[in-house]
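# Fold and contact review
Single-letter residue listing:
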Amino acid sequence: MSEYDPQDMLQELQQQMGEKLVIYQDRFFTFLHTNPGDLLALSRILRDKYGFNHLADLTAVDYIDSHGSFEIVYHLYSIPANRKIVIKTRVPANKPEIDSVFPVWPTADWQEREVYDLMGITFKNHPNLVRILMPDDYVGHPLRKDFTMRGRENVTN
Amino acid sequence: MAVNNHDEEILAKNNIIVTTFEKLWNWGRSRSFWPLSYGCNCCPIEMMASGAARFDIARYGYEVFRAASRQADVLVVAGPITAKMKPAVERVWAQMAEPKWVVAMGNCAVSGGPFVDGYSVLPGADTIFHVDVYIPGCPVRPEAPFQGLLELKKKVEKQ
Amino acid sequence: MLQTDQYNINIGPIHPSTHGGLHVEAVMDGETIVDAIVHVGYVHRAVEKIAESRTYTQFIPYASRLDYLASHLPTMGYVQTVEKMLDIHVPERAEYIRIIMGEFSRIASHILFVGSLAIDLGATTGFTYCMRDREKILDLFEMTSGQRMIASYMRFGGFAEDLPEEFIPAARNFLKNIPQMFDEYNHLLSGNEILQARLKNIGVLSAEDAINYGITGPNLRASGVDYDLRKAEPYGIYDRFAFDVPLGEKGDNYDRFMVRLQEIEQSGRIITQALDQLPEGEIRAKIPRIVKPEKGLEVYHRIESAKGELGYYIVSDGGEKPYRLHVRAPSFINLMVLPLISRGGKLQDIIANIATLDPVLGEADR
């Protein structure tokens, strides 16, 4: 698994997934941009075939003003091969839902709960999708850009 | 029959102290506060440091940090009160027996601190309690709770 | 067979042993734990949202307040992330001082870990000894920046001010006393029969579970996985120092305790080497007056914090304030395995498990 050359890996992935996968790089990372529907399949390939066993970070960014969607970012690392890669996918603002990657990386449990709590994105087939940082009866998703902080009047009881 | 000062001095020379019940009561209470060990954040670490060997809050008689709210009489609010924590603190406060006092320790408890414009930190402990003493600082130095508790002592003595 | 009911016991959020505002709902069947439901969020201070209305420089004190027990480490992670975005080259002297302050923070955090583990298990004296030793490190921090615990001493490109003259002799003095410190801790704690009975073979976390659940830091290494970011993905100048990475075998509470004790020693080694090699020179690089990374640039930078992998994900929109700032908090993710390692144990083991996972709730809830 760890003998894979990174360029070979990218070529194979592109061949396997075809147009469903867009690969680009900047000076820090290689990004795999895919559709929400293909996320789970890509995750399984990356973990099982290429050894990316450490989901370091799962988060979301609100780009509703720029392109009307949330971008969900997965930073992956391979502990045995000491490699890194990033998966990105976008969900539309009017229907923010995506498959949970908990079956592939169980660490997604709380990380997805946090994204649900603060951004309002629903993760399908998550074992326990409830709020984690805000009170259970809280209304609203505070990290969204349209949630403006109004200072002292913000904290409702 | 009231005792005037001259008589008090004569009695004192003979090892007899004349006082009121309230004064005795307040003298005892003010010199042995039992703080409730509450705090979640940076300020309680400095509160722990004030209870440890170098600063030693035991010199003043306040080292008995009790975890059970029934046994404590001072609620030292060290750190911010968040939206989720608010019901828990209110409940603990309700469980404490009279007489009880509140000391707001740290900028977050005094006014919300650096997080006041966020969506989850209350702008100060005085939104839910009547605070007796405010100790500013971010985080407070361990000497600051000493001064705060001594101010509280002065306040309680006068009650 | 007696028919028994299950009942829930609430531990926290206001509790002397929960390391902050942690609420664990223990589902008990008699004395045995069937499940432990962890509730966090009691210390959620909305730091990520606040970051969107602060400039990059104004966020430095907030970064220090994330892991307040080892506060130079999260500050270092943040300033390095922004330096990556701006492509700033930090002067040599500043890099060495960062290593020194970072490793002292790690030692301070691990000493407090030992102290709070001791007091959680009932050995109050251990706590007093550890606080006494931690005070010496806080004196060093106060010497440099005026603040004991949360010293926002680092800046983009280096430091606000150089080290004072009395720092290096005081630092060397502390390092000389580390063996004596260990003697005391080993006599008092590690060799203690009661502590061993309460920690050995309890809270076992297998290597596979640890990796699957994203556990990092000493908790991961205690389960036998050799993964330390200072070696795997060196940042700053960590590749110039010789040090070992202590590993555990079984992944039980005792291993997590011993790994951190040994890490104190290794951090002492790193600091000694850094003090020996410390060059003269500039303390801060020239940076733009207003920090504005280019539009669309995003970076994820991670460091080996005292608790594990601390990562910062910053997205810039070309303005002075970040568009999105996300903190990958190790304590948040480490707490996820608390139910896994507590099931089947007894109630008092939950306290030992929390103590050895070493969470900092300020970081977990951000």
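Criteria and cut-off values
Residues numbered from 1 in each chain as written. Chains lettered and ligands numbered in written order. Predicted model: local features only at pLDDT ≥ 70, side-chain atom pairs only at ≥ 80, totals over all residues. Helix = DSSP H or I, 4+ residues; strand = E, 2+ residues; numbered from the N terminus. Buried ≥ 20, exposed ≤ 12 C-beta atoms within 10 Å, placed from the backbone. Contact = placed C-beta atoms within 7 Å. Core = buried A, V, L, I, M, F, W, Y, C linked by C-beta atoms within 7 Å. Pairing = 2+ DSSP bridges. Axes fitted to C-alpha atoms, helices over the stretch in contact; angles between N-to-C directions. Parallel < 35°, antiparallel > 145°, perpendicular 65-115°, else oblique. pLDDT = per-residue confidence, 0-100. Nonpolar A, V, L, I, M, F, W, Y, C, P; charged D, E, K, R; others polar.

## Some remarks on the overall build of chain A
Scanning chain A from terminus to terminus reveals 4 helices and 7 strands. If you list the helices and strands of chain A from N to C, you get α-β-β-α-β-α-β-β-β-α-β. The principal-axis extents of the C-alpha atoms in chain A amount to approximately 55 × 30 × 25 Å. Per-residue burial over chain A gives 37% buried out of 157 residues. For chain A, the share of sequence-separated contacts (at least 6 apart) that also reach a separation of at least 24 residues comes to 49%.

## Looking at the nonpolar core
Generally speaking, a soluble globular protein has its nonpolar side chains buried in company with each other. If you look at the biggest cluster of nonpolar residues, it comprises 194 residues, and the most contacted ones within it are Leu76(A), Val76(B), Val77(B), Val103(B) and Met105(B). Looking at this core, the element that brings in the most residues is helix α4 (residues 92-121) of chain C, giving 17 residues. The contact partners of Val103(B), leaving out residues within four places of it in the chain, are Val74(B), Val76(B), Val77(B), Asp132(B), Val133(B), Ile135(B), Gly148(B), Leu149(B) and Leu152(B).

## Brief notes about the sheet that holds strand β6 (residues 298-304) of chain C
Residues and elements named next belong to chain C. If you trace the 3 strands from one edge of the open sheet to the other, you get β6-β7-β8, paired in antiparallel fashion. Across the chains shown, the open sheet's two edge strands, defined by having one partner strand only, are β6 and β8 (324-328). Strand after strand, the sheet turns through a mean of 10° between neighbouring axes, direction not considered. Relative to strand β7 (residues 309-315), β6 runs antiparallel, the two sharing 7 bridges.

## Section: unusual backbone geometry
Trans peptide bonds make up the majority, and among non-glycine residues the majority have a negative phi. All names here are of chain B. The omega angle of the peptide bond from Glu-98 to Pro-99 is -10°, so this bond is cis rather than trans. As for its position among the elements, Pro-99 is in the loop between α4 (86-95) and β3 (101-105). Cis geometry marks the peptide bond from Cys-138 to Pro-139, where omega comes out at -10°. Position of Pro-139 relative to the elements: it lies in the loop between β4 (133-135) and α6 (143-157).

## What about the packing of helix α7 (residues 178-190) of chain C against helix α12 (residues 253-277) of chain C?
Describing two packed helices takes the angle between their axes plus the distance from one axis to the other. All names here are of chain C. α12 packs onto α7 with a crossing angle of 175° between their chain directions and a minimal axis gap of 11 Å. Put simply, α7 runs roughly antiparallel to α12. Contact residues: Ile-178, Tyr-185 and Ser-190 in α7; Met-258, Leu-261, Glu-265 and Gly-268 in α12.

## Some points on helix α15 (residues 347-357) of chain C
All names here are of chain C. Most of α15 is tucked away: 8 of the 11 residues are buried. The complete set of buried residues in α15 reads Ile-350, Ile-351, Ala-352, Asn-353, Ile-354, Ala-355, Thr-356 and Leu-357. The positive-phi residue at the C-terminal boundary of α15 is Asp-358, with phi of around 55°.

## Digging into the confidence of the model for chain C
Model confidence for chain C is summarised by a mean pLDDT of 91, while 99% of its residues fall at 70 or above. Taken over the whole predicted complex, pTM reads 0.92, whereas the ipTM for its chain interfaces reads 0.92.

## Comments concerning the interface of chain A and chain C
Interface size, as often reported, equals the accessible area lost upon joining of the parts. Chain A puts 22 residues into the contact, and the matching count from chain C is 27 residues. Breaking the side of chain A that touches chain C down by element, the ones donating at least two residues are β3 (54-63) and α4 (108-119) of chain A. Considered class by class, the residues forming the side of chain A that touches chain C number 14 nonpolar, 6 polar and 2 charged.

## Comments concerning the interface of chain C and chain B
Taken residue by residue, the interface counts 27 residues in chain C and 26 residues in chain B. No other element matches helix α5 (residues 124-145) of chain C, which puts 4 residues into the side of chain C that touches chain B.

## Some thoughts on the sheet that holds strand β2 (residues 30-34) of chain A
Residues and elements named next belong to chain A. Read across the sheet, 5 strands follow the order β1-β2-β5-β4-β3 without closing on themselves; strand pairing throughout is mixed. Every other strand in the sheet has two partners, leaving β1 (21-25) and β3 as the edge strands with one partner each. The average undirected angle you get between the axes of adjacent strands in this sheet is 20°. Relative to strand β5 (residues 83-92), β2 is paired through 4 bridges, and the arrangement is parallel. Paired with His-33 across the bridge in β5 is Lys-88. Contacts from α4 reach β3 and β4 (69-78) within the one sheet, and its direction differs from that of β3 by about 10°.

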